[in-house]
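Residues per chain, in single letters:
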Amino acid sequence: MNGLIRLGKATSQKWINKGFIIANNAAERMLYKDNLILSDKSAYDVVCEKGLMSLKRYHPLKETSIEVDGEKVEVSSERKKTPIIFVPPLGATAQIFDLMPTRSLVRYYLARGYDCYLIDWGDPDRSHAGLTFEDYVTDWMPEAIETVQQLTGQNQFSLFGYCMGGLFCLLYAAWSKNEHLRNLVTVASPIDVRQVGPAGQLLNVMHHASKVLARVNNTPLKSMVRPEHLHVPGRLVALSFKLTNPLGSLASYWDLLTALSDREALSEHTTMSNWFEDMADYPGGMIQEIISKLAVGNQFAEGRVRINGGTASFSDIKANLMSFAGDNDKIVGIRAARHLLDVVGSQDKSFYVVPGGHAGVFGGSSASQYAWAMSADWLDERSD
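As annotated in an unreviewed UniProt entry, the protein carries the name Alpha/beta fold hydrolase and comes from Litoribrevibacter euphylliae.

Take a look at the structure:
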């Protein structure tokens, strides 16, 4: 009997202790959430700023090896001469490139021996509603790239873009015709948006309807609505992203409850959910551009995009090209991304479908095994 009593007391004490841990973690999650966020922790210097844009240069790793999603990665003692510039999308912040110490694309590429730079598009508000592709592609990106060339003493460079960041890279390459752009990697970048199931059919109808409307009004579609009326707050960007996977969003709340008893698991969950929830405003001018050039005009699929008073032709892109799509991407389908190979002028070009949804293909638990490792192996063969 005494043994049963002692066992009962030990069990009760165990649950009491666990209850204290859960309560403490829950309180920290509510009151001091920033303490749990692991993103943007790698050491860097801001080496260029223009407008909202800033450019980060990451410090070489001091470790001899790092952990990436449970796998040990040796830090290369050889440094690549060809620097790599990471280009994020809009809305979703640049945090995903340095999500957490054990799931950081930046740290992974540093370990592989690359000189790493990351463009950060900043945090626009309604006063920046007029921003367009011209600002990002023909003003800010050239400034960042010239800074990289000056700092490294190398003319050649590689670009790596995720989602809309990939479109920025493609537009820059086509518009600038920069012969020093050696390699270009895109992940989950929408090229032919009419190849995304029912939404694509709707965009096709919108395309024809907009042409009729423009003829009737004798006014270009882009001029019919002012940019400030299209500016989208970050909370709505986050909501629209969640609505593409409502079951996943609901499951995330259950995951939070199960993580409350483990601070490390809670930090990882909080970091991931923060990236999904803390999204930046989408400038109204860019919404206009996306509607007129990407959604309705489908200029990217045609490989000819009007920009800065001229036309950027994807056939002028000569850089080595590697492109990825996620096998479960509900936002950018495989066919929408694959069309890129049909319009670029690159001789060395390849396309791969890898596991993951729109975020998972780039920052999920299996991303390091596929998009990261495959792109790094590919770049190793094409970088000095």
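*Asks:* Mind showing me how you'd approach helix α14 (residues 371–380) here?
*Replies:* α14 sits mainly inside the fold: 7 of its 10 residues count as buried. Of all the positions in α14, only Ala371, Trp372, Ala373, Ser375, Ala376, Trp378 and Leu379 are classed as buried.

*Asks:* I tried to follow the sheet that holds strand β6 (residues 116–120) on my own but got confused; where do I start?
*Replies:* Within a beta sheet, neighbouring strands are joined by backbone hydrogen bonds and run either parallel or antiparallel to one another. As summarised here, the arrangement of the 8 strands in space is β1-β2-β6-β5-β7-β8-β11-β12, forming an open sheet in which the pairing is mixed. The sheet is open, and its two borders are formed by β1 (44–50) and β12 (349–354), each paired with just one other strand. Neighbour-to-neighbour, the strand axes of this sheet turn through a mean angle of 20 degrees, independent of strand direction. Two elements, β1 and strand β2 (residues 53–58), share 6 bridges in a ladder whose sense is antiparallel. Across the sheet, Asp45 pairs through a bridge with Arg57, a residue of β2.

*Asks:* Help me understand the pattern of salt bridges, please; the structure alone is not making it clear to me.
*Replies:* Charged atoms that come close allow side chains of opposite charge to pair. Inspection of the entire model under this criterion finds 16 salt bridges. For Lys50, the salt bridge is made with Asp139, and the minimal N-O distance between the two is 2.6 Å. Note that Lys50 is positioned in strand β1 and Asp139 in helix α3 (residues 133–152), a separation of 89 residues in sequence. The class of Lys50 is partly exposed, set by a relative accessible area of 29%. Asp139 sits in the partly exposed class, given a relative accessible area of 27%.

*Asks:* It is not clear to me how the packing of aromatic side chains should be interpreted in this structure. Could you clarify?
*Replies:* Here the distance between the centres and the angle between the planes together describe a pair of aromatic rings. Evaluation of the coordinates by the stated rule reveals 21 aromatic pairs. Taking 5.1 Å as the distance between ring centres and 75 degrees as the angle between the ring planes, the aromatic pair formed by Tyr136 and Trp140 counts as edge-to-face. Here Trp140 and Tyr136 lie together in helix α3, a separation of 4 residues that amounts to about one turn. When sorted by exposure, Tyr136 lands in the same class as Trp140, which is buried. Measuring from centroid to centroid gives 6.1 Å for Phe324 and Tyr352, while their planes differ by 35 degrees, and the two rings are tilted. One end of the pair, Phe324, is in strand β11 (residues 320–326); the other, Tyr352, is in strand β12, with 28 residues separating them in the sequence. Classification of Phe324 by relative accessible area gives buried; the value is 0%. Residue Tyr352 is classed as partly exposed on the basis of its relative accessible area of 33%.

*Asks:* Got a minute to help me understand the packing of α3 against helix α4 (residues 164–176) in this structure?
*Replies:* Geometry of a packed helix pair, given as the angle between the helix axes and the separation of the axes. Look at α3 against α4: their axes get within 10 Å of each other, and the N-to-C directions meet at 75 degrees. It follows that α3 is roughly perpendicular to α4 by the angle criterion. Contact residues: Phe133, Tyr136, Val137, Thr138, Met141, Pro142 and Ile145 in α3; Met164, Phe168, Cys169, Leu171, Tyr172 and Trp175 in α4. Of the residues assigned to the contact of α3 with α4, the class counts are 12 nonpolar, 1 polar and no charged.

*Asks:* What is the right way to look at a negative patch on the surface in this model?
*Replies:* On the surface, Glu67, Glu71, Asp262, Glu264 and Glu268 cluster together into a patch of negative charge. Tracing the backbone shows Glu268 in helix α8 (residues 263–277).

What counts, and at which threshold
- Every residue gets a number counted from 1 within its own chain, in the order that chain's sequence is written.
- Restriction of local features to residues with pLDDT of at least 70 applies here, the model being predicted, together with a cutoff of 80 or more for giving and counting side-chain atom pairs; totals for whole chains, interfaces and linings are based on all residues.
- Side-chain measures were taken over the full set of non-hydrogen atoms in the model, leaving aside hydrogen atoms and water.
- Each residue gets one of three labels from its accessible area relative to the maximum for its type: buried under 20%, exposed over 50%, partly exposed in between, using a 1.4 Å probe on protein chains only.
- Numbering goes from the N terminus for both helices and strands, where a helix is a DSSP run of H or I of at least four residues and a strand is a run of E of at least two.
- Strands are treated as partners if at least two bridges between them are detected by DSSP.
- Angular values range over 0 to 180 degrees, each being the angle between N-to-C directions of two axes fitted as lines to C-alpha atoms, with helices fitted over their stretch in contact.
- Salt bridge, as used here: a side-chain nitrogen of Lys or Arg that lies within 4 Å of a carboxyl oxygen of Asp or Glu.
- Only rings of Phe, Tyr and Trp enter the pairing, Trp through its six-membered ring, and a pair is recorded when the two centres are within 6.5 Å. The plane angle decides the type: under 30 degrees is stacked, over 60 is edge-to-face, the rest tilted.
- Angle categories: roughly parallel below 35 degrees, roughly antiparallel above 145, roughly perpendicular from 65 to 115, and oblique for all the rest.
- Every residue pair with non-hydrogen atoms within 4.5 Å of one another is taken to be in contact.
- Gly is put with the polar residues, along with every residue not named as nonpolar or charged; the nonpolar set is Ala, Val, Leu, Ile, Met, Phe, Trp, Tyr, Cys and Pro, and the charged set is Asp, Glu, Lys and Arg.
- Patch membership requires over 30% relative accessible area and the absence of a salt bridge. Like charges are linked within 9 Å, and nonpolar side chains (Val, Leu, Ile, Met, Phe, Trp, Tyr) within 5 Å.
- Surface accessibility follows the Shrake-Rupley procedure with a 1.4 Å probe radius. Residue values consider only the protein chains on display as shielding.
- Within this scheme the basic residues Lys and Arg register as positive and the acidic residues Asp and Glu register as negative, but His and the chain ends are omitted.
- Each charge is placed at NZ for Lys, CZ for Arg, CG for Asp and CD for Glu.

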